[in-house]
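An overview of the molecular structure
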Amino acid sequence: MQSFNFASLVLNRTWRSLQRIYVSYRFQHVQNQPPLVVERALRSIKMDTFETSLIRNFCIIAHVDHGKSTLADRLLELTGTIPKSKENRQVLDKLDVERERGITVKAAAVSMFYPYKNQTYLLNLIDTPGHVDFSTEVARSLSACQSAILLVDAAQGIQAQTVANFLLACDSFMEVIAVINKIDLKEAKIDRTIAQIESEFGLLSKNIIQVSAKHGTNCETLLEQIIEQLPPPNYSRTGLLRLFIFDSVFSSNINTTIINVAVTDGIVRSGDKVTSKLSGKNYTVLETGIFMYPDRVKTDALYAGHVGYIICDTKHIQDTIVGDTFYHQGVNVEPLQTFKVPKAMVFAGFFPFDEAQYNSFEQSIERLALNDTGVRIVSTSNPAFGKGMRIGFLGLLHMEIFNQRLESEFAQQVITTFPGVAYQCRIIGKDNIKDYGSEILTISDPLKWPDTNIIRETFEPIVDGQILTPTQFSPIIKLICDERRGNLIEEYCIDEKRTLLKYKLPLAEIVYDFFDQLKQITSGYGTFDYEDSGYEKSNIVKMRFCINNEEIDELSVLCHAKRAQTIGKEVVIKLKENIERQQYAIKIEAKVHSTVLARQNIPPYKKDVGAKLYGGDKTRLMKLLKRQEEGKERMRSIANIQVPRDAIIAVLKRK
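An account of the accompanying structure is given in this report. Computed from a predicted structure; not experimentally measured.

1. Looking at the side chain of T320
Structurally, the position occupied by T320 is in the loop between strand 14 (307-312) and strand 15 (325-328). Note on T320: relative accessible area 5%, which makes it buried. Residues within four places of T320 in sequence aside, it is in contact with I245, S248, T257, I259, T314 and L370.

Okay, structure coming up:
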């Protein structure tokens, strides 16, 4: 006879009551602070009830636009975390930029409670981005989990970032459930997608779950399989406390940092004294809790296996380091294995529109960079814009999102310089090497590029790229890669309709418009992923822009010699369009070394000096014109050309 679990029944009823209270709260539109009734309901459950065997920590990984956020919406509805509604779209995507663009750019954690077989399970879900520029978010989300759901679009099949994210999960020795989404679409090719998953990832077809996240088809089955197939965290409450920091964000509401943690061992409570393994600083824990949409909820404590947040008495934004380990003060523990932080690939200068707002601008960037380990920030200055920041990003989309968030979340008006990559050069001369501190220099700012006379050789960054495309488009893509100085390494067919191309490509050739061009050629079916492959010898030059032989430092750019003339023509035309005519001629030139690669002239205004003449000898007119020309020559020789700030900004906005 099956035993009756009275404690589980009480727990389930308590949780159902909590769900009803929470749904009622949601409809009251009170989203600033967690409701007291929810906190009390959670205390009645108590977090210590959830042993590690009742916890599942997992994230959803996939290529961009395969339906991760939609699936997260359905799971939140099925667990009662949010009420069922047609308005539930991307509920975990809280940033304005995410909703505007329809993509996830920031990993989001949420806790769900799900009753199953007379037990209530705690499911900690982390929704991750799918674009290659936000691979850091995926890496640190995986570090807080023990398993992953690999989501594949039934119509698109396996794509480049699907493979990259699966390999990240494998590197972390994670259990993976393969899920095919969008099975309701007419163009869904379920059998083909199953075959791809089997051949590429070695996952058994019988374990692949087919769902429609949009309509909720088989989503409850997925929840059950999460509990049945995915392993619980293998941690101990009796061990010494170790908290892994996988994210943090500055909250303006409470004017402090909220630290996202995964508790690997021990217990953390409010009032505990903890120490940072990286900095050695000591802090007091002021609050512990979990994430429940739409806000965080306080708990009595966090136990081994839990994923939640802590708030400490940190003094500065920089006190919280993603990847750090916190432990109880006075004891010594081994640091947790952290994730690999990718190297910044694209660099640009960021400057406040109003120099008087620099302090506010600097503080906004520090707060935004707090939870974005992919950015690298160095202070810089510019002759036209004053003090600013030189910031490195993982890609161009990463830079665009960062810029947009600065404007929308922090109300900052920002000027950005040309996005570029970091080149290397080898210099000669003992004195020069001593002055620069090294024989090989890595430089992203053109203003810091050494004089040509002391450079022996130059290098540019190379990436290993993977292009997944319908086979019919592969010849055109090969031509484009050849134009961009690519080197084909490998080519093979995944199935009868799709081909994988592996290329070595210069990073500078792909950061601007390569991905957009690929999408346009393949009607959206081509995908691209890349990773750093070091530096190779190349012919890198510094292009200078001059107006009447006066150099404009802020427009200088580093590029490959083959691209110099194209870039030079584009910039001088843009300058001509944005500089007003003067009483004298203006000469705009793009130069590499002493060679002029592009030139535009702005003609002077001319007064009709012959208007007062009524006939007579022609020499009178010629004499007046000659005198006018001599006057303009004198004016040009003593004039100081001031390029309008708006003209420089217009040039920097070029695509």
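From this point, the narrative continues.
2. Some thoughts on the environment of F418
Relative to the elements of secondary structure, F418 occurs in the loop between strand 19 (414-416) and strand 20 (423-427). Taking the relative accessible area as the measure of exposure, F418 reaches 9% and is therefore buried. For the pair F418 and L555, spaced 137 residues apart in sequence, the C-alpha to C-alpha distance is 8.2 Å.

3. Regarding the packing of helix 12 (residues 474-483) against helix 13 (residues 514-521)
Packing of helix 12 against helix 13 brings their axes to within 11 Å, and their N-to-C directions diverge by 160 degrees. With respect to their mutual orientation, helix 12 and helix 13 come out roughly antiparallel. Two packed elements cross with a definite hand, and for helix 12 against helix 13 that hand is right-handed. Only F514, Q517, L518 and I521 of helix 13 make contact with helix 12, whose side of the interface consists of I476, I477, I480 and C481. Per-class residue counts for the contact of helix 12 with helix 13 are seven nonpolar, one polar and no charged.

4. Some details on empty space enclosed by the protein
Throughout the structure, instances matching the rule amount to four cavities of 30 Å³ or more. Taken as a whole, the largest cavity encloses approximately 120 Å³ of empty space. Looking at the largest cavity, it is lined by 15 residues, and the ones nearest its centre are V105, F134, E137, D372 and H398. Secondary structure elements with two or more residues in the lining of the largest cavity: helix 5 (135-143) and helix 10 (396-410).

5. Overview of the pairing of strand 14
Taken residue by residue, a regular strand's side chains alternate between the two faces of the sheet. Of all the six residues making up strand 14, six are buried; the element is thus mostly covered by neighbouring parts of the structure. As paired strands, strand 8 (residues 256-265) and strand 14 are joined by five bridges and run antiparallel to one another. Paired with A262 across the bridge in strand 14 is V307. Bridge count between strand 11 (residues 282-292) and strand 14: four bridges; the pairing is antiparallel. Directly across from G289, in strand 14, lies its bridge partner Y309.

Analysis parameters
- Residues numbered from 1 in each chain as written.
- Predicted model: local features only at pLDDT ≥ 70, side-chain atom pairs only at ≥ 80, totals over all residues.
- Heavy atoms only, no water.
- Helix = DSSP H or I, 4+ residues; strand = E, 2+ residues; numbered from the N terminus.
- Buried < 20%, exposed > 50% of the residue type's maximum accessible area, 1.4 Å probe, protein only.
- Contact = heavy atoms within 4.5 Å.
- Axes fitted to C-alpha atoms, helices over the stretch in contact; angles between N-to-C directions.
- Parallel < 35°, antiparallel > 145°, perpendicular 65-115°, else oblique.
- Left-handed = near helix turned anticlockwise from the far one by under 90°.
- Nonpolar A, V, L, I, M, F, W, Y, C, P; charged D, E, K, R; others polar.
- 1 Å grid on protein atoms, 1.4 Å probe; cavity = no way out; pocket = protein on both sides within 12 Å on 5 of 7 lines; lining within 4 Å.
- Points joined across faces, edges and corners; volume = space filled by probe spheres on them.
- Pairing = 2+ DSSP bridges.

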